[in-house]
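# Close look at the chain arrangement
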Amino acid sequence: MKPFEGDMSGNVAAFEQTVRSTIELAETLGAAEWDLPTECPGWTVRDQVAHIVGVERMILGDPQEAHTLPAGLSHVRSDFGRILEIAVDARRTRPPETVVAELRETLARRLTDLATIDPGRQVKAPDGRMGPYSRFMMFRAFDCWVHEQDIRRAAGRPGNLDAPAAERARHIIDSGMSFVVAKRAGAGPGSSITFKVTGPPSFRSCVLVGDDGRARPVEPESHPTVTLSMDWEGYVRLAAGRCDPADVDVSIDGDHDLAGRVLGNMAVTP
């Protein structure tokens with residue numbers, strides 16, 4: 001099993017830490033900050049907090065709220081998106097302190113429930129693959145951390161970038177880069193892309209396309225086809241589909257055409 005995927009206790013702890021960090025942050029926000037737009041189209045800071053509440057209550061098996069979405073929500077583009085939007089829209093008129101209280105109460109319920117769940121229980125993760133519940137919780141830590149960072153950027157409150165959930169985020173993002181490089185960017189056999197990321201966390205990762213056209217992670221090469229240098233936050237924003245490459249400070253060394261195709265196709269989140 002890959003790193004983190006079988007680590008139920010570590011993944012739950014990472015999930016808890018980032019949700020508690022979000023609660024603590026939300027408690028410091030002024031009324032105007034709750035309505036600041038985030039990089040998720042159509043969503044404010046309030047909507048991000050409401051989304052975490054809604055998803056966790058859905059996982060707990062709570063019945064869907066009796067709420068009708070208004071017409072004209074252009075950022076809602078799928079049936080699943082409409083389901084997720086119900087919890088968000090239902091909280092757009094609730095006081096911020098009520099939404100924070102809901103998140104606090106929902107986290108407590110989830111932690112109680114998680115203590116009873118078999119880590120090996122098979123469940124479908126957001127990437128569509130079946131696997132143990134421990135792996136599912138790796139994705140929950142990742143998702144909640146990404147939304148925490150959405151809130152922090154919108155409110156100008158940077159922090160928690162090197163949280164335990166960030167380690168899970170790196171694993172998930174790195175796992176998707178082989179597909180990005182070979183399939184989406186169309187890198188040819190023998191091509192290699194090195195991502196040089198400064199943080200914390202700081203690291204180098206490299207993807208090499210083999211003779212069969214398939215890409216795989218390898219140790220960083222001394223002379224890669226392309227080196228893309230950026231900070232950790234920019235790497236996450238691109239991988240989470242939060243912005244365009246032009247919005248991130250990226251240094252390119254090597255084949256600029258291939259680099260552009262990689263940067264333009266880095267989003268690996270659903």
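Keep in mind that this is a model prediction, so the values were computed, not measured.

Our next topic: the pairing of strand β3 (residues 192-198). Taking burial as the measure, the seven residues of β3 include five buried ones, the bulk of the element. The sheet contact formed by β3 and strand β4 (residues 203-209) spans six bridges and is antiparallel. Note that in β4 the partner of valine 197 across the bridge is phenylalanine 203. Taking the residues between adjacent antiparallel strands as the criterion, β3 and β4 are bridged by four residues. Sheet topology places β3 next to strand β6 (residues 226-231); six bridges connect them, and they run parallel. What sits directly across from threonine 194, in β6, is threonine 227.

A few words now on the sheet that holds β3. Here five strands make up an open sheet; going across it, the order is β5-β4-β3-β6-β7 and the pairing mixed. Taken across any chain shown, the strands that pair with only one partner, and hence form the sheet edges, are β5 (215-218) and β7 (251-254). Averaged over neighbouring strand pairs, the angle between their axes works out to 20° when direction is ignored. Bridging between β6 and β7 involves four bridges; their strand directions are antiparallel. Bridge pairing links valine 226 to glycine 254 in β7. Most of the contacts of helix α7 (residues 232-239) go to β6, to which it runs at about 110°, and overall it touches β3, β4 and β6.

On to the environment of isoleucine 117. Within the element layout of this structure, isoleucine 117 appears in the loop between α4 (96-114) and β1 (122-124). In this structure the C-alpha to C-alpha distance between isoleucine 117 and leucine 84, which are 33 residues apart in sequence, comes to 24 Å. Ignoring sequence-local partners within four residues, the contact set of isoleucine 117 consists of Met8 and Tyr133.

Attention now goes to the packing of helix α6 (residues 164-184) against α7. Their axes nearest at 11 Å, the elements α6 and α7 cross at an angle of 55°. As judged from the angle between their axes, α6 and α7 are oblique. Two packed elements cross with a definite hand, and for α6 against α7 that hand is left-handed. Contacts between α6 and α7 involve Ala166, Ala169, Arg170, Ile173, Asp174 and Met177 on the former and, on the latter, Trp232, Tyr235, Val236 and Ala239. In terms of residue class, the contact of α6 with α7 is made up of eight nonpolar, no polar and two charged.

Because an α-helix completes one turn every 3.6 residues, residues spaced three or four positions apart along the sequence face the same direction. Between its terminal C-alpha atoms helix α5 (residues 133-155) stretches 33 Å, which fits the 33 Å expected from 23 residues at 1.5 Å a residue. Most of α5 is tucked away: 20 of the 23 residues are buried. Taken from the residues just after α5, glycine 156 is the one with a positive phi, measuring 65°.

What the second largest pocket holds in volume is close to 190 Å³. In terms of lining residues, the second largest pocket is bounded by 14 residues, among which Gly54, Pro63, Gln64, Glu65 and Ala87 are the most central. For the lining of the second largest pocket, the secondary-structure elements that each account for two or more residues are α2 (45-60) and α3 (79-90). Among the elements that line the lining of the second largest pocket, the one with the most residues is α2, at five residues. Here the lining of the second largest pocket is composed, by residue class, of seven nonpolar, three polar and four charged.

Cis peptide bonds are those with omega within 30 degrees of zero, and the linkage from glycine 199 to proline 200 qualifies with 25°. In this fold, proline 200 is placed in the loop between β3 and β4. Of note, the amide linkage connecting proline 200 to proline 201 takes the cis form, showing an omega dihedral of -5°. Secondary-structure assignment places proline 201 in the loop between β3 and β4. One non-glycine residue, phenylalanine 4, lies in positive phi territory at about 75°. Within the element layout of this structure, phenylalanine 4 appears in the segment before α1 (8-26). Phi at asparagine 160 is positive, roughly 60°, even though this residue is not glycine. Assignment of secondary structure puts asparagine 160 in the loop between α5 and α6.

This part is about helix α8 (residues 256-263). Within the sequence span of α8, burial applies to Leu258, Ala259, Val262 and Leu263. Taken down its axis, α8 places every buried residue within 135° of arc, on the same side. For α8, the secondary structure elements touched by its buried residues are α6, β3, β6, α7 and β7.

Rules behind the numbers
- Residues numbered from 1 in each chain as written.
- Predicted model: local features only at pLDDT ≥ 70, side-chain atom pairs only at ≥ 80, totals over all residues.
- Heavy atoms only, no water.
- Buried < 20%, exposed > 50% of the residue type's maximum accessible area, 1.4 Å probe, protein only.
- Helix = DSSP H or I, 4+ residues; strand = E, 2+ residues; numbered from the N terminus.
- Pairing = 2+ DSSP bridges.
- Axes fitted to C-alpha atoms, helices over the stretch in contact; angles between N-to-C directions.
- Contact = heavy atoms within 4.5 Å.
- Parallel < 35°, antiparallel > 145°, perpendicular 65-115°, else oblique.
- Left-handed = near helix turned anticlockwise from the far one by under 90°.
- Nonpolar A, V, L, I, M, F, W, Y, C, P; charged D, E, K, R; others polar.
- Expected span 1.5 Å × (residues − 1).
- 1 Å grid on protein atoms, 1.4 Å probe; cavity = no way out; pocket = protein on both sides within 12 Å on 5 of 7 lines; lining within 4 Å.
- Points joined across faces, edges and corners; volume = space filled by probe spheres on them.
- Arc of directions from axis to C-beta.

By themselves these figures say nothing about function.
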